[in-house]
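Chains, contacts and geometry: an overview
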Amino acid sequence: MNATVAMILALAVGTYALRLVGPVLHGRVELPPRVQELLSAGAVVLLVALLATGALTEGGGFAGWARPAGVLVGAVLAWRRAPFVVVVLGAAAVTAVLRAAGVA
Amino acid sequence: MRTAERTALVRDSALVWLASGVVGVSFGAISVTGGLPVWVPVVMSLLVYAGSAQFSAVGVLLAGGGPVAAAATGLLLNTRTAAFSLAVADLLGRGRLARLLGAHLVTDETVAFALAQPDPARRRAAFWISGLGLFAVWNLGVLAGALAGGALGDTATYGLDAAFPAVLVALVLPALRDSPATRRSALLGAALALAVTPAVPAGVPVLVALAGLVLHGDRRPA
């Protein structure tokens, strides 16, 4: 078998197995309320870590100023309860304009 | 659920679909211009369906890192989906087929979008609307990008890399506002993730962030 095909299959099967953890355990294992509470808090912790590393880093180093500046504008808009579309387009627009102006 | 609520879910999802579609186009284009045949990004997107893992795996391949390193990097990045699948498990319904299909749709964006909804009915609808739409748009985008090659140029020009963290900010803010314990945990977790990022492989920092949950132990009412 071609090595690339094997790589795609390994990644696909492994990823699907990870995604099945929740549905397979659900209904079979009775989780105490405290654990369920930690699970939903854990999902938020993961998402916040993803957005922080996604906003600030690229390939293990600093992502440059344009991206975090755009995300910060998006965060301020979200904090002020702006509509979702304004948050997302605002963040992208600020980053795009900064890059067009020569800010990395 | 009222039609208006469903329309609002579709409207908010559509924005994430649009941004993901463009990122999918760039994934297809990067893969093909890097020298991979068209079927590689297309099949990978259908079967793996995880943006960051796909970019990393193709990046390792194109850098000459070999298929084993490519698969390992992608899997490491996707370990977080196990935690996400636990968080949304009760939204998938009871049927075996719904669970098997729903599992494949677990992504950062769809989980964040579902969990941001105020009640179980809307969370369930949000999961399926966001998940099915994102799957369709992502794969069509990758196919278009793979066929178009390098014609699109650098998507960083459009600032899309800032759109995704901003989407996540908008989606987690309600949970952060509501719960001081979650807020403390998330802040510590993000700080830990950022601190270890230069030193560990991609995918590990967000797992390290889960250590932030030690601050969740305090049970004082909010």
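Residues numbered from 1 in each chain as written. Chains lettered and ligands numbered in written order. Predicted model: local features only at pLDDT ≥ 70, side-chain atom pairs only at ≥ 80, totals over all residues.

Points about the overall build of chain A
- Looking only at helices and strands, chain A features four helices and two strands.
- Along the chain direction, N to C, the helices and strands of chain A fall in the order α-α-β-β-α-α.
- Computed over C-alpha atoms, the radius of gyration of chain A comes to 20 Å, more than 25% over the 13 Å expected from 2.2 N^0.38 for 104 residues, which places it beyond the range of a compact globule.
- For chain A, the C-alpha atoms occupy an extent of roughly 55 × 45 × 25 Å along the three principal directions.
- Counting only residues that meet the buried cut, chain A has 44% of its 104 residues in that class.
- Across chain A, contacts joining residues at least 24 apart in sequence account for 40% of those joining residues at least 6 apart. (Helix = DSSP H or I, 4+ residues; strand = E, 2+ residues; numbered from the N terminus. Rg over C-alpha atoms; globule rule 2.2 N^0.38 Å. Buried ≥ 20, exposed ≤ 12 C-beta atoms within 10 Å, placed from the backbone. Contact = placed C-beta atoms within 7 Å.)

Topic: the interface of chain B and chain A
- Across the contact, 74 residues belong to chain B and 59 residues belong to chain A.
- Top element by residues in the side of chain B that touches chain A is helix α9 (residues 160-178) of chain B. It accounts for 14 residues.

Section: the UniProt feature "transmembrane region" (unreviewed entry) in chain A
- On the UniProt side, "transmembrane region" (unreviewed entry) is annotated at positions that read residues 41-63 and 84-102 of chain A here.
- Its end C-alpha atoms 27 Å apart, residues 41-63 of chain A is made of 70% helix and 17% strand. (UniProt positions renumbered as here; feature names shortened; annotations may be inferred.)

Section: the environment of A:Ala10
- As for its placement among the helices and strands, A:Ala10 is situated in helix α1 (residues 3-25).
- Take A:Ala10: there are 19 C-beta atoms within 10 Å of it, and that puts it in the partly exposed class.

Considerations on the packing of α1(A) against helix α6 (residues 96-104) of chain B
- Where α1(A) contacts α6(B), the two axes come as close as 8 Å, and the packing angle between them is 130°. By the criterion of interaxial angle, the relationship of α1(A) to α6(B) is oblique. Here α1(A) and α6(B) pass one another in a crossing that is right-handed. Where α1(A) approaches α6(B), its residues A:Tyr16, A:Arg19, A:Leu20 and A:Pro23 are matched on the opposing element by B:Arg99, B:Gly102, B:Ala103 and B:His104. (Axes fitted to C-alpha atoms, helices over the stretch in contact; angles between N-to-C directions. Parallel < 35°, antiparallel > 145°, perpendicular 65-115°, else oblique. Left-handed = near helix turned anticlockwise from the far one by under 90°.)

Brief notes about helix α10 (residues 180-196) of chain B
- The terminal C-alpha atoms of α10(B), which comprises 17 residues, lie 24 Å apart, in line with the 24 Å expected from a rise of 1.5 Å per residue.
- Buried residues of α10(B): B:Thr182, B:Arg183, B:Ser185, B:Ala186, B:Leu188, B:Gly189, B:Ala190, B:Leu192 and B:Ala193, and no others.
- Summarising the contacts, the buried residues of α10(B) are in contact with α2 (33-56) of chain A together with α9 and α11 (204-209) of chain B. (Expected span 1.5 Å × (residues − 1).)

Quick word on the environment of B:Ser85
- As for its position among the elements, B:Ser85 is in helix α5 (residues 80-88).
- Judged by C-beta crowding, with 26 C-beta atoms within 10 Å, B:Ser85 ranks as buried.
- Apart from the residues lying within four places of it in its own chain, the contact partners of B:Ser85 are A:Arg19, A:Leu20, A:Val21, A:Gly22, A:Pro23, B:Ala103 and B:Val106.

Here's the deal with the packing of helix α3 (residues 66-79) of chain A against α9(B)
- Interhelical geometry of α3(A) versus α9(B) gives an angle of 25° and a closest axis separation of 8 Å. Regarding the angle of α3(A) to α9(B), the classification is roughly parallel. Where α3(A) crosses over α9(B), the two elements pack in a sense that is right-handed. Between α3(A) and α9(B), the residues in contact are A:Arg67, A:Gly70, A:Val71, A:Gly74, A:Ala75, A:Ala78 and A:Trp79 and B:Asp161, B:Ala162, B:Pro165, B:Ala166, B:Val169, B:Ala170 and B:Leu173, respectively.
- Residue classes in the contact of α3(A) with α9(B) are distributed as 10 nonpolar, two polar and two charged. (Nonpolar A, V, L, I, M, F, W, Y, C, P; charged D, E, K, R; others polar.)

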